Amino acid sequence: MEGARQPLLQLLDVCLSDPLGRHLLIENVSFTINKGDRIAIIGPSGSGKTTLLRLINRLEDPSTGSILFQDQSLKQFPVIDLRRQIVLVPQEPKLLGMTVEETLMYPLKLQKLSPTEINQRLEYWRSHLSIPDDWLERNELQLSLGQRQLITMVRALMMQPKLLLLDEPTSALDRNKALELIELLKTITTETKTAILMVNHDLGLVEEFTKQVLKLNQGQLQQ
């Protein structure tokens, strides 16, 4: 498919030290994400998987090495603009005191999109992830973790990112819902060329999702 292998993001010998500089949390990590890629990160707890996503989303900056997005250093992008293009969905998302409808619309209102465009995106992705009408007025305390994960996924997809970072997006979903989400993510990468980098401990779901797997152990990529 034309354009599917265009480099989108590159990590070049990226290292991250702990706050005291005593040891490396991420050590000499290099890899490339192309447009439309589906890549999974696996590894034991504490191996640096979430930290790697945080680096790519600029919640932290590398101690050494560089991260390039569309051939430019991440540091050259205003953080707000960068996070509209590289969207992180955390494992335990928060709605920040908003209703479901408010939290879904909020990022697009900040971008000053028209109400018509916002509502079209909302209905499109709400339908694809089977978000029922009666969730829209609920707040965070009225939702399970799995429901919040789905809501945050809708919010991310509504932003039409170029790179989607998913931290254990299926951890609180039942098996059928998890498989449905994996199939939807596969379709998204094929149809929109959005790249997805997903941390997931479920090797069965990883196998369904992709053959591109990065194995991380003690902050290092394993062959």
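Bear in mind the structure is a predicted one, so any value in this text is a computation, not a measurement. (Residues numbered from 1 in each chain as written. Predicted model: local features only at pLDDT ≥ 70, side-chain atom pairs only at ≥ 80, totals over all residues. Heavy atoms only, no water.)

Description of the nonpolar core
Counting residues in each nonpolar core, the largest one holds 39 residues, and the members touching the most others are Leu104, Trp125, Leu129, Met153, Leu164, Leu166 and Leu185. Here the element with the most residues in this core is helix α5 (residues 145–158); it accounts for seven residues. Leaving out residues up to four positions away in the same chain, Leu185 has contacts with Arg38, Met153, Leu164, Leu166, Ile196 and Phe209. Membership of the second largest hydrophobic core comes to 28 residues, among which are Val14, Ile26, Leu55 and Leu165. (Core = buried A, V, L, I, M, F, W, Y, C linked by side-chain atoms within 4.5 Å. Buried < 20%, exposed > 50% of the residue type's maximum accessible area, 1.4 Å probe, protein only. Helix = DSSP H or I, 4+ residues; strand = E, 2+ residues; numbered from the N terminus. Contact = heavy atoms within 4.5 Å.)

Brief notes about the packing of helix α3 (residues 100–110) against helix α4 (residues 115–128)
Axis separation between α3 and α4 bottoms out at 10 Å; the angle between their running directions is 140 degrees. Viewed along their axes, α3 and α4 adopt a mutual orientation that is oblique. For the pair α3 and α4, the sense of crossing is right-handed. Contact with α3, carried on its side by Leu104, Met105, Leu108 and Lys109, involves Ile118, Asn119, Arg121 and Leu122 of α4 and no other residues of that element. A class-by-class count of the residues in the contact of α3 with α4 yields five nonpolar, one polar and two charged. (Axes fitted to C-alpha atoms, helices over the stretch in contact; angles between N-to-C directions. Parallel < 35°, antiparallel > 145°, perpendicular 65-115°, else oblique. Left-handed = near helix turned anticlockwise from the far one by under 90°. Nonpolar A, V, L, I, M, F, W, Y, C, P; charged D, E, K, R; others polar.)

A short note on the sheet that holds strand β2 (residues 24–34)
Overall, antiparallel pairing links the four strands, which are arranged β2-β1-β4-β5 in an open sheet. Every interior strand has two partners, whereas the edge strands, β2 and β5 (72–73), have only one. Pairing analysis gives five bridges linking strand β1 (residues 7–17) to strand β4 (residues 64–69), with the strands arranged antiparallel. Within the sheet, the bridge partner assigned to Leu9 lies in β4 and is Phe69. (Pairing = 2+ DSSP bridges.)

Side note on the pattern of salt bridges
Enumeration according to the criterion identifies 10 salt bridges in this entry. For Arg126, the salt bridge is made with Asp133, and the minimal N-O distance between the two is 2.7 Å. Taking the relative accessible area as the measure of exposure, Asp133 reaches 57% and is therefore exposed. Each of the salt bridges in this network shares a partner with another, and the network as a whole consists of Glu123, Arg126 and Asp133. (Salt bridge = Lys/Arg side-chain N within 4 Å of Asp/Glu carboxyl O.)

Description of the environment of Asn176
In this structure, Asn176 sits in helix α6 (residues 175–192). Spatially, the C-alpha atoms of Asn176 and Arg138 are 24 Å apart, while their sequence positions differ by 38 residues.

Remarks on the packing of aromatic side chains
For the structure on display, the rule yields two aromatic pairs. Ring geometry for Tyr124 versus Trp125: centroids 4.9 Å apart, planes at 90 degrees, classification edge-to-face. (Phe/Tyr/Trp six-rings, centres within 6.5 Å; stacked < 30°, edge-to-face > 60°.)

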